[in-house]
Amino acid sequence: MGVADLTWFDILRRNGRERPGAPALHLDGATLTHGDLLARAELLAGGLAAAGVEAGDRIALLAQNRAEFMDAVAAAARLGAILVPVNWRLSPEEMRAIVADADPAAVIAEAEYAAALDPAAFGAVRGWFALDAAAAPFRPYGDLLAGSPVPDRAVAAADPLLMIHTAAVDGVARGAVLSHGNLLAHNLQLAAAWSLGPADVALCGLPLFRSWR
């Protein structure tokens, strides 16, 4: 497999198998290894698949920086789905407009942002999940971690992985789609420009809804 054929999940799986005990993420005083991230992604992918998420479906995520954010990117990559991270700094009306534009199959949200959504207005959503306590029809995020493993799916580097809503045109935010290949090429360029190696640590000081471009 050449670099041009790799997906985001291919990299996650390789790291999880070859360096399972190496630290991958430091957040809020906790450390997750590459093995941890792989296991968490597989669990979440199984739960999302059980909730009806298929290849090409969108998954809307309304959350601040947290480990589950990285899990959602990886699980979407595993399924061939598209993650739509929503800017939580927007007004409730703007958040609702982005979710409506994405037309997601599933929504994952922190309770604060879940309250901004009216599930009755989004009939295409097959699963509503809250990262913390939220009213029905939101179900506990933990329900997503009880799914069965998902068989391998055919996902290509050119397939979309992220949809990030950018500057509004005529007052309407537009979703910019990034493929697996886009993200991997971007990261390879950064690693080369900054001379990053396995022992280095990169600090992310930006909100994850916008720091992928």
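Scroll up for the structure.
Calculation criteria
- Residues numbered from 1 in each chain as written.
- Predicted model: local features only at pLDDT ≥ 70, side-chain atom pairs only at ≥ 80, totals over all residues.
- Heavy atoms only, no water.
- Helix = DSSP H or I, 4+ residues; strand = E, 2+ residues; numbered from the N terminus.
- Expected span 1.5 Å × (residues − 1).
- Buried < 20%, exposed > 50% of the residue type's maximum accessible area, 1.4 Å probe, protein only.
- Salt bridge = Lys/Arg side-chain N within 4 Å of Asp/Glu carboxyl O.
- Core = buried A, V, L, I, M, F, W, Y, C linked by side-chain atoms within 4.5 Å.
- Contact = heavy atoms within 4.5 Å.
- 1 Å grid on protein atoms, 1.4 Å probe; cavity = no way out; pocket = protein on both sides within 12 Å on 5 of 7 lines; lining within 4 Å.
- Points joined across faces, edges and corners; volume = space filled by probe spheres on them.
- Nonpolar A, V, L, I, M, F, W, Y, C, P; charged D, E, K, R; others polar.
- Polar contact = N/O pair within 3.5 Å; in protein donor to acceptor, adjacent residues only side chain to side chain.
- Axes fitted to C-alpha atoms, helices over the stretch in contact; angles between N-to-C directions.
- Parallel < 35°, antiparallel > 145°, perpendicular 65-115°, else oblique.
- Left-handed = near helix turned anticlockwise from the far one by under 90°.
- Pairing = 2+ DSSP bridges.

A. Inspection of helix H3 (residues 67-79) at higher detail. If you check H3, its first and last C-alpha atoms are 19 Å apart, about what 13 residues at 1.5 Å a residue would give, namely 18 Å. For H3, a buried count of 12 out of 13 residues is recorded, marking the element as mostly surrounded by other parts of the structure. Buried residues of H3: Ala67, Glu68, Phe69, Asp71, Ala72, Val73, Ala74, Ala75, Ala76, Ala77, Arg78 and Leu79, and no others. Once H3 finishes, Gly80 follows within two positions and takes phi at roughly 75 degrees, a positive value.

B. Structural view of the pattern of salt bridges. Applying the stated criterion to the full structure yields 11 salt bridges. Residue Arg66 is joined to Glu110 by a salt bridge in which the shortest nitrogen-to-oxygen separation is 3.0 Å. Pair noted here: Arg66 is in the loop between strand S3 (58-62) and H3 and Glu110 is in the loop between strand S5 (106-109) and helix H5 (111-114), with a separation of 44 residues, a long-range link. Residues Arg66 and Glu110 agree in their burial class; the two are buried.

C. Structural context of the nonpolar core. Counting residues in hydrophobic clusters, the biggest one holds 42 residues, and the most contacted among them are Leu48, Val53, Ile59, Leu83, Ile108 and Leu161. When residues of this core are traced back to their parent elements, those giving at least two are helix H1 (8-18), helix H2 (34-50), S3, H3, S5, strand S8 (160-169) and helix H6 (180-193). Considering every element that reaches this core, the biggest residue donor is H3, with nine residues. Not counting residues within four places of it along the chain, the set of residues in contact with Val53 comprises Leu48, Ile59, Leu79, Ala81, Ala105, Ala106, Arg126 and Arg153. Grouped together as the second largest cluster of nonpolar side chains are 19 residues, Leu62, Tyr113, Ala114 and Trp128 included.

D. Structural context of the layout of surface pockets. Within this model, the largest pocket holds a volume of roughly 2000 Å³. In terms of lining, the largest pocket is formed by 42 residues, of which the most central are Ala24, His34, Asn187, Leu196 and Ala202. Within the residue set of the lining of the largest pocket, elements represented by two or more residues are H1, strand S1 (23-27), H2, H3 and H6. It is H6 that contributes the most residues to the lining of the largest pocket, seven residues altogether. Of the residues contributing to the lining of the largest pocket, the split by class is 28 nonpolar, nine polar and five charged. Taken as a whole, the second largest pocket spans an internal volume of roughly 290 Å³. Leu90, Glu94, Ile98, Thr166 and Ala173 are the residues nearest the centre of the second largest pocket, which is lined by 18 residues in total. Every element with two or more residues in the lining of the second largest pocket is listed here: helix H4 (92-102), S8 and strand S9 (172-179). Residue contributions to the lining of the second largest pocket peak at five residues, all from S8.

E. Inspection of the side chain of Ser179 at higher detail. With respect to the element layout, Ser179 can be found in strand S9. Classification of Ser179 by relative accessible area gives buried; the value is 12%. Polar side-chain contacts of Ser179 include one of 3.3 Å to the backbone nitrogen of Gly181. Once you skip the residues sitting within four places of it in the chain, Ser179 turns out to touch Ala157, Ala158, Asp159, Pro160 and Leu161.

F. Seen up close, the packing of H1 against H2. For the pair H1 and H2, the least separation of the axes is 7 Å and the interaxial angle reads 130 degrees. Here H1 is positioned oblique relative to H2, judged by the angle of their axes. Relative to H2, H1 is oriented so that their crossing is left-handed. Here H1 contributes Phe9, Leu12, Arg13, Asn15, Gly16 and Arg17 to the contact with H2, which in turn contributes His34, Gly35, Leu37, Leu38, Ala41 and Glu42. Each residue belonging to the contact of H1 with H2 can be placed in one class, and the counts come to five nonpolar, four polar and three charged.

G. Quick peek at the pairing of S3. Counting buried residues in S3 gives four out of five residues, a clear majority hidden from the surface. Both S3 and S5 contribute to a ladder of four bridges, which runs parallel. The partner of Ile59 across the bridge, within S5, is Ala106.

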